[in-house]
Amino acid sequence: ELGIYCYELNASDERSREKLKRVLFEATQTRSIDSTGRLGKRCVLMDEVDGMHGSGDSGGMQYLISTIRNSRIPFICTCND
């Protein structure tokens, strides 16, 4: 609706360091062109970051924090109370 492509990783996805490297590299380092020929806007939505732990998400939180600090695109991180 707003013309923003959102890369979404939710709690049911594997969010290990290696998985995040693949997805976040595409989101933060590549450029896309929209139908009008302008650079497309992007963001990353990380759902339930408070649940990133255990063997399936090994190293993911540290990599996510590092990527957010060095990124030029917005990150939206949600968590449970």
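Everything below is about the structure printed above this text.
Attention in this report is confined to the structure presented alongside it. (Residues numbered from 1 in each chain as written. Predicted model: local features only at pLDDT ≥ 70, side-chain atom pairs only at ≥ 80, totals over all residues. Heavy atoms only, no water.)

1. Let's talk about the packing of aromatic side chains
The condition that has to hold: Pairs were defined over the aromatic rings of Phe, Tyr and Trp, the Trp ring being its six-membered one, requiring ring centres within 6.5 Å. Orientation was assigned from the angle between planes: stacked under 30 degrees, edge-to-face over 60, tilted for the rest. Any residue under 20% of the maximum accessible area for its type is buried, any over 50% is exposed, and the rest in between are partly exposed; the area is computed with a 1.4 Å probe on protein chains only.
For the structure shown, the criterion picks out one aromatic pair. Aromatic side chains Tyr5 and Tyr7 sit 4.8 Å apart centroid to centroid with 80° between the ring planes, which places their arrangement in the edge-to-face category. The class for Tyr5 is exposed, based on a relative accessible area of 51%.

2. Regarding the packing of helix 1 (residues 17-29) against helix 2 (residues 60-70)
For clarity, the threshold we go by: Here an angle of 0 to 180 degrees is reported between the N-to-C directions of two axes, which are lines fitted to C-alpha atoms, with helices fitted over the stretch in contact. Helix and strand labels come from DSSP, where a helix needs a run of H or I of at least four residues and a strand needs a run of E of at least two; each type is numbered from the N terminus. By definition in this entry, angles of less than 35 degrees are roughly parallel, angles greater than 145 are roughly antiparallel, angles of 65 to 115 are roughly perpendicular, and the rest are oblique. Put simply, a crossing is left-handed when the front helix is turned counterclockwise from the back one by less than a right angle, and right-handed when it is turned clockwise. Whether two residues are in contact is decided by their heavy atoms, any of which lying within 4.5 Å being enough. When residues are grouped by polarity, Ala, Val, Leu, Ile, Met, Phe, Trp, Tyr, Cys and Pro land in nonpolar, Asp, Glu, Lys and Arg in charged, and all others, Gly among them, in polar.
Where helix 1 contacts helix 2, the axes come no closer than 9 Å and their chain directions differ by 20°. Relative to helix 2, helix 1 is oriented roughly parallel. In terms of crossing hand, the pair formed by helix 1 and helix 2 is right-handed. Between helix 1 and helix 2, the residues in contact are Arg17, Leu20, Lys21, Leu24 and Thr28 and Gly60, Tyr63, Leu64 and Thr67, respectively. Looking at the contact of helix 1 with helix 2, its residues break down into four nonpolar, three polar and two charged.

3. Things to note about unusual backbone geometry
If you check the backbone angles, Glu48 has positive phi at about 50° while not being a glycine. Relative to the helices and strands, Glu48 is located in the loop between strand 2 (41-46) and helix 2. Taking relative accessible area as the criterion, Glu48 reaches 28% and is therefore assigned partly exposed.

4. Brief notes about helix 1
Residues spaced three or four apart along an α-helix point in a common direction, a consequence of the helix completing one turn every 3.6 residues. Rules: Bend, in this description, refers to the angle at a residue between axes fitted to the seven residues ending there and the seven starting there.
Considering bend angle alone, the principal kink of helix 1 is centred on Val23 and spans about 25°. Looking only at helix 1, the buried set comprises Leu20, Val23, Leu24, Ala27 and Thr28. In this fold, the buried residues of helix 1 make contact with strand 1 (4-9), strand 2, helix 2 and strand 3 (75-77).

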